[in-house]
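Remarks on the overall topology
Letter by letter, the chains look like this.
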Amino acid sequence: MSTLKQSNVAKYSVMVLGLSVLLTLFVKAYISSFTHDESYTYLAFIHDSFMDIISFENYYTNNHILNSILMKYAEKLFGSSEIALRLPNLIALFIYMRYSYLLFKKKDSWLVIPVFVLMVSHIALIDLFGVARGYGLSFGFMTMSLYYLIAYLESPGLKKLSLFHLAAILACLSSFTMLTIYVSLLLVYNVVILMEKVYVHGNKYQILKMNIGHVVPLLVATLALFRPVYRVLSFSNLDLGGKTSFFHDTMTHVMINVTLGFDLPPMFFFVIKVVSIVIMIISVVIIVFKLIQKDELFFSQFKGLIVSCLLLLSISAIIILLHVVLGADYPVARFSTFLLPLYIVHFGFLAQYVATLENKKVIYPIMYGLAIASSINFIMKFDWYSAYEWEYDMYTKQMVETLVDDYATHSNKDTEVRLGIHWFFEPTINFYRETHRIEWLDKVDRDGISPSDHYYYIFKDQLKELRPNTYEVIQEFKETNTYLIRNLDVLEMKQPAQSTDE
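A short tour of the structure in this document, coming up. (Residues numbered from 1 in each chain as written. Predicted model: local features only at pLDDT ≥ 70, side-chain atom pairs only at ≥ 80, totals over all residues. Heavy atoms only, no water.)

**Some details on the sheet that holds strand 5 (residues 471–477)**
Read across the sheet, four strands follow the order 3-4-6-5 without closing on themselves; strand pairing throughout is mixed. Each edge of the open sheet is held by one strand with a lone partner, namely strand 3 (419–421) and strand 5. Each neighbouring strand pair of the sheet contributes to a mean axis angle of 20°, computed without reference to strand direction. Alignment of strand 5 against strand 6 (residues 482–487), held across six bridges, turns out to be antiparallel. Within strand 6, the position partnered with Val-473 by the bridge is Ile-485. Packing against the sheet, helix 19 (residues 396–410) makes contact with strand 3, strand 4 (455–459), strand 5 and strand 6, and its axis sits at approximately 145° to strand 5. (Pairing = 2+ DSSP bridges. Helix = DSSP H or I, 4+ residues; strand = E, 2+ residues; numbered from the N terminus. Axes fitted to C-alpha atoms, helices over the stretch in contact; angles between N-to-C directions. Contact = heavy atoms within 4.5 Å.)

The following block contains the structure:
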């Protein structure tokens with residue numbers, strides 16, 4: 001098959017795959033319940049002024065600045081439905097997929113398809129594009145910034161440089177963990193220039209000339225990011241979850257994200273972490289060997305491999321340094337998810353390099369095998385109603401709708417209802433109370449349940465807190481082990497209409 005035909009097959013295959021993922025997540029975003037963190041963002045931030053949001057006036061780290069701003073104006077344009085508030089992250093998914101494809105478009109066409117599949121078939125990653133948080137936005141702009149830095153190194157131009165910085169700034173405004181990426185990309189840029197221009201080509205080292213194009217964008221970045229970053233460092237304890245080590249905490253959670261849905265022994269994660277480190281060592285050895293050889297062709301054709309390898313090394317070093325100097329936690333769970341696409345990108349670039357060697361046929365079945373396995377896992381574990389890390393909220397919307405129906409059936413219309421809850425559900429219930437204008441329902445709090453509550457929405461293990469024979473289960477939600485309950489001691493029941501006959 002000709003190169004042009006291969007390229008077209010890859011292009012249209014990626015288009016079909018990408019459209020399928022986008023439509024799937026669009027439907028899920030439309031039908032699934034809002035979650036704890038989304039609801040907190042809506043209630044606490046998006047009704048603040050633009051300047052208060054962007055200056056991080058409310059300094060709680062739940063405020064992902066760009067996401068809060070986009071939610072604010074999405075509500076003004078489209079209303080407060082779930083899909084309207086999640087729309088910015090769905091657009092970010094398109095950005096993410098577009099640049100995932102462009103990163104590999106010019107290389108081996110047969111490897112574009114499996115690499116793209118790996119980029120879009122991990123539930124822990126893709127789920128974050130379907131919720132109104134800053135993670136999906138940050139992944140989209142992170143991938144965009146990586147693409148334009150590599151493109152700039154391959155062929156310098158003002159447009160590429162500007163788009164690199166713009167994407168990096170937007171990524172940082174989406175999630176402050178992206179500051180690590182921004183700094184790392186700038187470091188990697190200088191290291192690559194030093195290796196290629198100075199060592200391989202023998203040019204003089206001129207650090208000012210190398211970085212003059214970055215001065216204005218960095219001034220803009222400083223103006224945009226200084227105050228919010230300062231307030232984060234001043235008021236946040238940088239609690240990202242990991243206390244032990246980068247290898248034990250962060251890498252373990254990256255691998256859990258890869259294998260999400262499988263109950264695997266700890267030894268498996270140890271082995272797969274070691275394999276990942278070995279792959280990184282192999283990449284470093286290749287780069288160093290080519291550097292020693294002063295292989296101009298390698299440094300010209302495999303910028304992606306070099307940049308992605310150095311980027312992962314730089315990010316790892318900065319995360320460890322932040323822990324040692326500032327006491328920042330090692331990122332785990334969703335805070336570490338940004339590393340997953342970067343590992344995949346690097347693995348893809350390494351595969352493309354291996355494909356140029358004599359035994360290149362070996363890499364194709366490996367890559368397609370991994371893509372098929374990842375796709376099967378995605379299809380098997382995909383859930384239309386739950387979001388990874390917020391599964392407990394998957395029925396909160398349905399519970400509120402059931403509560404409204406029950407109130408209409410059993411309560412006097414002038415009754416103000418108190419709903420006792422587990423604190424997990426507080427933001428989401430208040431979100432639906434406000435957006436659905438349920439005026440008869442008192443605002444719920446995090447104080448637990450009380451005998452004076454009219455209804456309860458609690459977990460199964462809280463049933464023991466209720467007195468026997470004083471309540472009635474309205475609905476059980478088995479997947480979340482939660483119950484909507486009517487308190488028979490308190491709820492004022494509707495009385496039958498009195499006869500007017502004398």
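Right, picking up where we left off after that structure.
**Quick notes on the side chain of Arg-334**
Among the secondary structure elements, Arg-334 is positioned in the loop between strand 2 (330–331) and helix 17 (339–354). Residue Arg-334 is classed as buried on the basis of its relative accessible area, which comes to 16%. At 3.0 Å, the side chain of Arg-334 forms a polar contact with the side chain of Tyr-135. Leaving out residues up to four positions away in the same chain, Arg-334 has contacts with Asp-37, Leu-128, Tyr-135, Glu-389 and Trp-390. (Buried < 20%, exposed > 50% of the residue type's maximum accessible area, 1.4 Å probe, protein only. Polar contact = N/O pair within 3.5 Å; in protein donor to acceptor, adjacent residues only side chain to side chain.)

**Quick look at unusual backbone geometry**
In this structure, Lys-294 takes a positive phi of about 55° despite not being glycine. Mapped onto the secondary structure, Lys-294 falls in the loop between helix 14 (266–293) and helix 15 (296–301). The exposure class of Lys-294 is partly exposed, given its relative accessible area of 42%. Positive phi values are uncommon outside glycine, yet Glu-389 reaches one of about 80°. By the element assignment, Glu-389 lies in the loop between helix 18 (363–381) and helix 19. Residue class for Glu-389 comes out partly exposed when judged on its relative accessible area of 22%.

**Here we look at a positive patch on the surface**
Taken together, Lys-11, Arg-98, Lys-105 and Lys-106 make up a surface patch of like positive charges. By the secondary structure assignment, Lys-105 is in helix 5 (residues 82–105). (Patch = residues over 30% accessible without salt bridge, like charges linked within 9 Å, V, L, I, M, F, W, Y side chains within 5 Å. Areas by Shrake-Rupley, 256 points an atom, 1.4 Å probe, with all protein chains shown as cover. Salt bridge = Lys/Arg side-chain N within 4 Å of Asp/Glu carboxyl O. Lys, Arg positive; Asp, Glu negative; His and termini not counted. Charge placed at Lys NZ, Arg CZ, Asp CG, Glu CD.)

**Brief notes about the nonpolar core**
Formed by 149 residues in total, the largest nonpolar core has its most connected members in Phe-338, Leu-419 and Tyr-457. Discounting chain neighbours no more than four positions away, the residues touching Phe-338 are Phe-139, Met-142, Met-178, Ile-181, Ile-315 and Ile-319. One finds Ile-449, Ile-458, Leu-463 and Ile-485 within the second-largest nonpolar core, a separate group that totals seven residues. (Core = buried A, V, L, I, M, F, W, Y, C linked by side-chain atoms within 4.5 Å.)

**Concerning the pattern of salt bridges**
One pass over the full model with this rule turns up 14 salt bridges. Note that Lys-243 is salt-bridged to Asp-329, the shortest N-O span being 2.9 Å. One end of the pair, Lys-243, is in the loop between strand 1 (241–242) and helix 13 (246–258); the other, Asp-329, is in the loop between helix 16 (303–326) and strand 2, with 86 residues separating them in the sequence. In this structure, Asp-295 and Lys-290 form a salt bridge, with 3.4 Å as the shortest nitrogen-oxygen distance. Residue Asp-295 shares its accessibility class with Lys-290, and that shared class is buried. A single network of salt bridges, built from pairs that share partners, joins Asp-37, Arg-133, Arg-334 and Glu-389.

**Thoughts on the packing of aromatic side chains**
All chains considered together, the criterion is met by 31 aromatic pairs. With centroids separated by 4.8 Å and ring planes inclined at 40°, the aromatic side chains of Tyr-392 and Phe-424 adopt a geometry described as tilted. Here Tyr-392, found in the loop between helix 18 and helix 19, pairs with Phe-424, found in the loop between strand 3 and helix 20 (426–435); they are 32 residues apart in sequence, far enough to count as distant. We classify Tyr-392 as buried; its relative accessible area is 18%. According to the relative accessible area criterion, Phe-424 is partly exposed, its value standing at 27%. What links up through ring pairs into an aromatic cluster is the set Tyr-392, Tyr-395, Trp-423, Phe-424, Phe-425, Tyr-457, Phe-459 and Phe-477. (Phe/Tyr/Trp six-rings, centres within 6.5 Å; stacked < 30°, edge-to-face > 60°.)

**Quick look at the environment of Arg-227**
Mapping Arg-227 onto the fold places it in helix 12 (residues 215–235). Residue Arg-227 is classed as partly exposed on the basis of its relative accessible area of 37%. Counting along the chain gives 99 residues from Arg-227 to Leu-326, while the straight-line C-alpha distance between them is 18 Å. When neighbours within four sequence positions are excluded, Arg-227 is seen to be in contact with Ser-55 and Glu-57.

**Some thoughts on the environment of Ile-169**
Note on placement: Ile-169 falls in helix 9 (residues 158–174). Considering only alpha carbons, one finds Ile-169 and Lys-464, 295 residues apart in sequence, at a separation of 50 Å. Apart from the residues lying within four places of it in its own chain, the contact partners of Ile-169 are Tyr-182, Pro-217, Val-220, Ala-221 and Ala-224.

**Remarks on the pairing of strand 6**
Of all six residues making up strand 6, six are buried, and the element is well covered by its neighbours. Bridge count for strand 4 against strand 6 is five bridges, and the pairing is antiparallel. Residue pairing across strands places Tyr-455 opposite Arg-486, the latter belonging to strand 6. Linking strand 5 to strand 6, which pair antiparallel, is a turn of four residues; within it Asn-481 sits at a positive phi near 55°.

**With respect to a nonpolar patch on the surface**
There is a patch of nonpolar side chains on the surface, built from Leu-233, Ile-320, Leu-321, Leu-322, Val-324, Val-325 and Leu-326 and spanning about 650 Å² of accessible area. Here the nonpolar patch gets six residues from one element, more than from any other, and that element is helix 16. In this fold, Leu-322 is placed in helix 16. Using a relative accessible area of 30% as the deciding quantity, one classes Leu-322 as partly exposed.

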